[in-house]
Amino acid sequence: MDTCHTTIYIYLMIATSVSPSEGDALEIFPAQIFGPSTAKVGENLELKCLISNIQSSNTEVYMYLCKNGVGERLEIFVNKDEHTFTLRNISLRDSGTYSCVYSFTRYLPKNVTGSGMNSIHVRVTGDALKMFPAQIFGPSAAKVGENVALTCSISNIQRSNTEVHVYLVKNGVGERLEIFGNKNEHTFTLRNISLRDSGTYSCVYSFTRYLPKNVTGSGMNSIHVRVTAHVLPDPLSERNILRLVFSVGVIIFACFIVIFDFKTRSRSSRKFTSSVKAKDRNNS
């Protein structure tokens, strides 16, 4: 019996020692990071992660770009010791402290925490957008469910092979983007509008493409579009109108009957009078 208990105890100890616990730390190693510390909204930001003192082998290496101590992106590579992460068309929200770490086991980036051998605090500023004002034309009032056409027009622009990026701005923030070359206007169509589409609209343009949400400002003029709901007819009023029309019809019909009866009686009376007179003449 003691031998049986001892065997069970040994198996339990082995199972406990080889099974991973939920609190096991991730095997993460620090790497170096290189890149700029400042950038402008709309630019591309390149951050290079470098592993030093690693022996090249066929083992996969998992490189993580961390922002504010938490993994943001993952890249897998073999037989190299560096990788460049490119953050495209950055916004103000991309500001933060970046570093690099790596592992030989793949983890979800969001589960990776820590910092590398060094870090870079990237500050993104929003004063680099080269925007130019444009004109806007369109209605200032519309009904729910209708389509609204707003035309953006650019004047005094020199023709070139450069693409022009036109933005429809609502309440000072870019909403939509259109790219065109050899033309100077574009019509944005807001389809099946709702009350939420009410606001002040204007147009701006640039020669560099930006995310509409990063575009702020106003154009040469603006249009305040007021969207109103359709006024539904009152069922009670409709019933009252129908009753009134029916009553008038009945009255008119009754008048026709009275007039017809009056004319019929008049003709009968004249005929009776004529016949009486004729009889009197015959008797005399």
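Residue positions are given per chain, counted from 1 along the sequence in the order it is written. Where local features are concerned, this predicted model is filtered to residues with pLDDT of at least 70; where side-chain atom pairs are given and counted, the filter is 80 or more; whole-chain, interface and lining totals use all residues. Computation of side-chain values covers all heavy atoms of the structure but excludes hydrogens and water.

**Some remarks on the overall build of the chain**
- Secondary structure summary: the chain contains two helices and 16 strands in total.
- Three labels apply to residues, based on accessible area from a 1.4 Å probe with only protein chains included: buried if under 20% of the type maximum, exposed if over 50%, partly exposed otherwise in between. Out of the 284 residues belonging to the chain, those deemed buried represent 28%.
- Contacts spanning at least 24 positions in sequence make up 71% of the contacts within the chain whose residues lie at least 6 apart.
- Throughout, the Shrake-Rupley method with a 1.4 Å probe supplies accessible areas, and for residues the shown protein chains are the sole cover considered. Total accessible area on the chain stands at roughly 19,100 Å², and carbon and sulfur atoms take up 54% of it. Strands here are runs of E lasting at least two residues and helices are runs of H or I lasting at least four, both read from the DSSP assignment and numbered beginning at the N terminus. It only takes one pair of heavy atoms within 4.5 Å for two residues to be counted as in contact.

**A closer look at the nonpolar core**
- We call a set of buried Ala, Val, Leu, Ile, Met, Phe, Trp, Tyr and Cys residues a nonpolar core when their side-chain atoms join them within 4.5 Å. If you look at the biggest cluster of nonpolar residues, it comprises 28 residues, and the most contacted ones within it are Met63 and Leu65.
- Elements represented by at least two residues in this core include exactly β1 (29-34), β3 (45-50), β4 (61-67), β6 (82-87), β7 (96-103), β8 (120-125) and β12 (164-170).
- Ignoring sequence-local partners within four residues, the contact set of Leu65 consists of Ile33, Leu47, Cys49, Val70, Gly71, Glu72, Arg73, Phe85, Leu87, Tyr98, Ser99 and Cys100.
- Core analysis: the next-biggest nonpolar cluster, separate from the first, contains 21 residues, Ala142, Phe180, Leu190 and Val225 among them.

**Things to note about the pairing of β7**
- Counting buried positions along β7 yields seven of eight residues, so the element is predominantly enclosed.
- In this description, strands pair whenever DSSP reports at least two bridges between them. With three bridges connecting them, β1 and β7 associate as antiparallel partners. Bridging from a neighbouring strand, Ala31 pairs with Cys100 of β7.
- Bridge analysis of β4 against β7 gives six bridges, and the strand direction is antiparallel. When the bridges of β7 are listed, Tyr64 appears paired with Val101.
- Of the strand pairs in this sheet, β7 and β8 are connected by three bridges, and their pairing is antiparallel. The residue bridging Gly96 from the neighbouring strand is Val122, located in β8.

**Thoughts on the state of the cysteines**
- The disulfide definition used here is simple: a pair of cysteine sulfur atoms within 2.5 Å. Throughout the structure, instances matching the rule amount to two disulfides.
- One disulfide in the model links Cys49 with Cys100; its S-S distance is 1.9 Å. Negative torsions about the S-S bond denote left-handed disulfides, and the value of about -60 degrees found for Cys49 with Cys100 makes this one left-handed. With Cys49 in strand β3 and Cys100 in strand β7, this residue pair connects regions lying 51 residues apart in the sequence. Of the two residues, Cys49 and Cys100, both sit in the buried class.
- Between the sulfur atoms of Cys152 and its disulfide mate Cys203 the distance is 1.9 Å. Handedness here is read from the sign of the S-S torsion; for Cys152 and Cys203, about -60 degrees, the answer is left-handed. Within this pair, whereas Cys152 is found in strand β11 (residues 148-153), its partner Cys203 is found in strand β15 (residues 199-206), the two being separated by 51 residues in sequence.
- On the basis of relative accessible area, Cys203 is assigned to the buried category, the value being 0%.
- Assigning the bonded cysteines of the chain consecutive numbers by sequence position, one obtains the connectivity 1-2, 3-4.
- Cys66 carries a free sulfur, and the closest cysteine sulfur to it, the one in Cys100, is 7.5 Å from it.
- Judged by its relative accessible area of 1%, Cys66 is buried.

**Quick word on the pairing of β3**
- Strand direction decides the pairing type here: β1 and β3, joined by three bridges, are antiparallel. What sits directly across from Ile33, in β3, is Cys49.

**Structural notes on a nonpolar patch on the surface**
- Together, Leu244, Val248, Ile252 and Phe256 make up a nonpolar patch on the protein surface, roughly 410 Å² of accessible area in all.
- On the basis of relative accessible area, Ile252 is assigned to the partly exposed category, the value being 44%. Only residues above 30% relative accessible area that lack a salt bridge enter a patch, with like-charged residues linked at up to 9 Å and the nonpolar side chains Val, Leu, Ile, Met, Phe, Trp and Tyr linked at up to 5 Å. Salt-bridge detection follows one rule: a side-chain nitrogen of Lys or Arg within 4 Å of a carboxyl oxygen of Asp or Glu.

**Notes on the side chain of Ser103**
- On the secondary structure map, Ser103 appears in strand β7.
- Judged by relative accessible area, which is 0%, Ser103 ranks as buried.
- Setting aside chain neighbours within four positions, we find Ser103 in contact with Glu27, Ile28, Phe29, Glu60, Val61, Tyr62 and Tyr64.

**Comments concerning the environment of Asn44**
- Tracing the chain through its elements places Asn44 in the loop between β2 (38-40) and β3.
- Between the alpha carbons of Asn44 and Arg88 there is a distance of 4.3 Å; along the sequence they are 44 residues apart.
- If we skip the residues at most four places from it in the chain, Asn44 touches Thr86, Leu87, Arg88 and Asn89.

**Some points on the packing of aromatic side chains**
- The rule is short: rings of Phe, Tyr and Trp, with Trp giving its six-membered ring, pair when the centres are within 6.5 Å, and they are stacked under 30 degrees, edge-to-face over 60, tilted in between. Throughout the structure, instances matching the rule amount to six aromatic pairs.
- Judged by centre distance (5.5 Å) and plane angle (35 degrees), the rings of Phe29 and Tyr102 are tilted. Of this pair, Phe29 sits in strand β1 while Tyr102 sits in strand β7, and the two are 73 residues apart along the sequence.
- Among the aromatic residues, those joined into a cluster by ring pairs are Phe29, Tyr102 and Phe104.

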